[in-house]
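# Per-entry structural report
One-letter residues, chain by chain:
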Amino acid sequence: MLWKVLYYVFPALGGYILTSLYLLKNPHILHKKKRPAFNSRHVSHRGGAGERIESTMEAFTHAVNEGTEMLELDCHLTRDGHVVVSHDENLLRQTGHDVHISSLNLEVVTRYYSTGKDRQFVLLEDLFEKFPNVPVNIEIKEDNDLLIRKNPAMPYMFTVSRGLQLLLLYYSGLLPFVPLGESFLQFYLPQVINRTYIPDSPVLRNGLVISLIEKLTMRKNLFQHLVKRGLQVHLFVCNKEMDIAAAFAVGATGVMTDYPSLLSDYLRKHPIC
């Protein structure tokens, strides 16, 4: 009886694999391609934290002048309801003061940086007003209904859990059959981990773990499939030319960096990236 079961199983399995591979390369057969309002090859991490003080208007202005096509930032809500651009909720690392933004009114928050145009906290609304035509990638660090405004028309990226689902769908062959609501996939370029980026997690300090993550995630045909469906793939944080080159080589449509002038120079030298 077993051979009879295998007689039907093997052809069915083979047919499924061939169909999945074909649709992986030709997703337009099942899915209408997304039409993004913008494409961003050049993304400035925290406004270009390697060339100016992170998350300041000076940093964002410098990045835009360098030709960035997207500003990346994080934000938090003050006690009196203002949205402040800052990576950390606690101000110790940035200002030397062990206080939380959520515990302070805006008037008090602005006192914690020294005076000077390069050391001022930025309100998110002021950033939108100054750069109305520059896409902004906002990472919300806290689950706060007052901070989060849901807009079904707004493009959004994969969360960590959805990214894991994406890998599962890819390796199971189901990805070509599944609709995707996301417009962006953003992920660390694994080769920067433990070299230019030192993670807090001891697990991620293990070279074998990083090697496994790289093999599992840096799949060019996965990225190509997403791009054919109209998604953008951004890899970060690429602060050396060899990392920028590696990101584009594996199929990234954009790169996030702390050094916007470095990335601009690279793109000028390699315009077809």
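Structure report, in brief. Along each chain, the written sequence defines residue order, and numbers are assigned to residues from 1. Given that this is a predicted model, residues contribute local features only at a pLDDT of at least 70 and side-chain atom pairs are listed and counted only at 80 or more, while totals for whole chains, interfaces and linings are drawn from all residues. Processing note: side-chain calculations cover all non-hydrogen atoms of the structure and skip hydrogens and water entirely.

## Quick word on the overall build of the protein chain
Here is the rule we go by: The way it works is that DSSP assigns letters per residue, a run of H or I at least four long becomes a helix, a run of E at least two long becomes a strand, and they are numbered from the N terminus. The contact rule is simple, with two residues in contact once any of their heavy atoms fall within 4.5 Å. In these tables, accessible area is a Shrake-Rupley quantity obtained with a 1.4 Å probe, and a residue counts as shielded only by the protein chains included in the view.
A tally of regular secondary structure across the protein chain gives ten helices and eight strands. Taken along the three principal axes of its C-alpha coordinates, the protein chain extends 80 × 45 × 40 Å. Nonlocal contacts in the protein chain, meaning residues at least 24 apart in sequence, comprise 66% of its contacts between residues at least 6 apart. Total accessible area on the protein chain stands at roughly 15,300 Å², and carbon and sulfur atoms take up 59% of it.

## A word on the pattern of salt bridges
Just so we agree on the cut-off: Salt bridge, as used here, is a side-chain nitrogen of Lys or Arg placed within 4 Å of a carboxyl oxygen of Asp or Glu. Partly exposed residues are those whose accessible area sits between 20% and 50% of the maximum for their type, while under 20% is buried and over 50% is exposed, using a 1.4 Å probe and protein chains only.
The full count for this structure, using the stated rule, is seven salt bridges. When the shortest N-O distance is used, the salt bridge between Arg93 and Glu54 registers 2.8 Å. Of the two residues, Arg93 sits in helix α3 (residues 92-95) while Glu54 sits in the loop between β1 (42-45) and α2 (57-65), which places them 39 residues apart along the sequence. With a relative accessible area of 12%, Glu54 lands in the buried category. Here Asp243 ties to Arg195 by a salt bridge, and the two come within 2.5 Å at their closest N and O atoms. Here Asp243, found in helix α9 (residues 241-249), pairs with Arg195, found in the loop between β6 (184-188) and α7 (207-217); they are 48 residues apart in sequence, far enough to count as distant. Under the relative-accessibility criterion, Arg195 is labelled partly exposed at 35%. A cluster of three or more residues bridged by salt bridges with shared partners is formed by Arg46, Glu54, Asp88 and Arg93.

## Side note on the nonpolar core
Just so we agree on the cut-off: Here, nonpolar core means buried Ala, Val, Leu, Ile, Met, Phe, Trp, Tyr and Cys residues that are tied together by side-chain atoms lying within 4.5 Å of each other.
Of all hydrophobic cores here, the largest spans 30 residues; its most connected members are Leu175, Leu222, Phe223, Leu226, Leu235, Ile244 and Val255. Listed by contribution, the elements that provide at least two residues to this core are α6 (160-172), α8 (220-228), β7 (232-236), α9 and α10 (260-269). Counting residues per element, this core draws most heavily on α6, at four residues. Residues within four places of Val255 in sequence aside, it is in contact with Arg41, His42, Val43, Leu235, Cys238, Ile244, Ala247, Phe248 and Leu263.

## Comments concerning α6
The test is simple: Here the expected length of a helix is defined as 1.5 Å per residue gap, with one fewer gap than residues. The directions considered for the arc are those from the helix axis to the C-beta atoms.
Over its 13 residues, α6 extends 18 Å from the first C-alpha to the last, a length consistent with the 18 Å expected when each residue adds 1.5 Å. Of all the residues in α6, the buried ones are Gly163, Leu166, Leu167, Leu169 and Tyr170. Each buried residue of α6 lies within a common arc of 165° when the element is viewed along its axis, so the set occupies one face. Opposite the packed face of α6, turned more than 90 degrees from it, sit the exposed residues Leu164 and Leu168. Positive backbone phi, approximately 85°, marks Gly173, located one or two places after α6.

## Structural notes on the environment of Val83
For Val83, the position within the fold is in strand β3 (residues 83-85). Among the residues examined, Val83 registers a relative accessible area of 23% and is labelled partly exposed. Each residue touching Val83, except ones within four places of it in the same chain, is listed here: Cys75, His76, Leu77, Val122, Leu123, Leu124 and Leu147.

## Describing the packing of aromatic side chains
Keep this limit in mind: Two aromatic rings from Phe, Tyr or Trp, using only the six-membered ring of Trp, form a pair when their centres are within 6.5 Å; if the ring planes differ by under 30 degrees the pair is stacked, by over 60 it is edge-to-face, and anything between is tilted.
A full pass over the atoms with the stated rule returns six aromatic pairs. A centroid spacing of 4.5 Å and a plane angle of 50° characterise the contact between Tyr188 and Phe236, whose relative ring orientation is tilted. Of the two residues, Tyr188 is situated in strand β6 and Phe236 in strand β7; the sequence distance between them amounts to 48 residues. Taking the relative accessible area as the measure of exposure, Tyr188 reaches 25% and is therefore partly exposed. For Phe236, a relative accessible area of 14% corresponds to the buried category. Between Phe248 and Tyr266, the aromatic rings sit 6.2 Å apart at their centres with planes inclined by 5°, giving stacked as the arrangement. Of this pair, Phe248 sits in helix α9 while Tyr266 is found in helix α10, placing the two residues 18 residues apart along the sequence. For Phe248, a relative accessible area of 11% translates into the label buried. Here a set of aromatic residues connected by ring pairs shows up, and it is made of Tyr188, Tyr197 and Phe236.

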